[in-house]
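Per-entry structural report
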Amino acid sequence: MNVTVSAQQPRVLVVEDEASIASMLAMALQFLGFDVVTAGTGEEAVSAAAGRAADVILLDVGLPDLDGFEVCRRLRAARVDAPVLFLTARDAVEDKIRGLALGGDDYVTKPFDINEVAARVNALLRRGRVAEPAGRRLRAGWVELDADTHEVWRHGRPVQVSATEFALLRFLLENPDRVVSRGQILDAVWSCGFQGESGIVETYIYYLRRKLGDTDQSLIRTVRGAGYLVRAAPAGDTASR
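Residues numbered from 1 in each chain as written. Predicted model: local features only at pLDDT ≥ 70, side-chain atom pairs only at ≥ 80, totals over all residues. Heavy atoms only, no water.

**Description of the overall build of the chain**
Helix and strand counts for the chain come out as 8 helices and 11 strands. Contacts in the chain between residues at least 24 apart in sequence constitute 61% of all its contacts with a sequence separation of at least 6. Of the accessible surface of the chain, which amounts to about 11500 Å², a share of 49% is contributed by carbon and sulfur atoms. (Helix = DSSP H or I, 4+ residues; strand = E, 2+ residues; numbered from the N terminus. Contact = heavy atoms within 4.5 Å. Areas by Shrake-Rupley, 256 points an atom, 1.4 Å probe, with all protein chains shown as cover.)

**A few points about the pairing of strand β11 (residues 227–230)**
Of the strand pairs in this sheet, strand β10 (residues 220–223) and β11 are connected by 4 bridges, and their pairing is antiparallel. Bridged to Thr222 within β11 is Tyr228. The turn joining β10 and β11, which pair antiparallel and follow one another in sequence, is formed by 3 residues; a positive phi near 80° is taken by Gly225. (Pairing = 2+ DSSP bridges.)

**A closer look at the pattern of salt bridges**
All told, the structure shown has 15 salt bridges when counted by the stated rule. One salt bridge in this structure joins Arg120 and Asp106, with 3.1 Å as the shortest N-O distance. Of this pair, Arg120 sits in helix α5 (residues 114–129) while Asp106 is found in strand β5 (residues 106–109), placing the two residues 14 residues apart along the sequence. For the residue pair Arg120 and Asp106, the accessibility class agrees, reading buried in each case. Because the salt bridges share partners, they merge into one network encompassing Glu43, Glu70, Arg73 and Arg74. (Salt bridge = Lys/Arg side-chain N within 4 Å of Asp/Glu carboxyl O. Buried < 20%, exposed > 50% of the residue type's maximum accessible area, 1.4 Å probe, protein only.)

In structure tokens:
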């Protein structure tokens with residue numbers, strides 16, 4: 001395991017078993033001003049994340065011992081809440097949804113451009129650094145969000161969401177009864193000018209609905225050809241729901 005120590009630079013844990021890719025990522029990120037820690041196996045990754053706090057984790061899905069999904073599950077079970085950016089050759093929607101379900105925040109499909117990786121790392125860092133007004137709560141229907149503590153409730157019960165899911169839900173709740181376009185969501189959640197995969201917004205909306213129990217899409221509505229709309233008081237919402 002290679003460790004570059006810095007007290008002030010944001011720390012990125014790169015988990016990649018292919019030495020050439022790990023070295024390329026580490027060198028590029030160090031050049032861009034990041035403190036980089038590398039791990040070549042899933043077990044090393046879990047140990048490194050538990051022992052030294054990382055600001056962002058780049059996690060390869062195809063590791064030789066534990067796959068990246070299992071690593072992410074163990075990290076979240078151990079209350080490691082650093083944003084996870086999956087590096088994967090798998091582009092099936094089912095794999096991406098699985099990664100989000102386990103607490104991942106974003107994904108890049110191999111082969112990737114280092115500039116895209118750096119942009120997504122910076123976007124994840126910005127999401128974690130945004131200062132929120134103390135005690136600010138947002139509500140819509142049976143969902144409540146605390147912008148200060150980063151907690152989410154569904155019918156009064158806590159819901160575990162990733163950093164990206166939180167940012168997406170917060171943006172939607174900040175714009176109740178207003179249609180927001182996919183482009184506006186990309187700018188707000190994935191940073192201005194983000195050129196991600198075409199389905200990333202749809203993928204996150206899909207999984208957020210599942211976590212919030214919005215199976216009939218009465219809370220987060222799809223407005224065909226326009227975007228998404230959150231109803232402040234969804235039809236049929238009741239306290240006992």
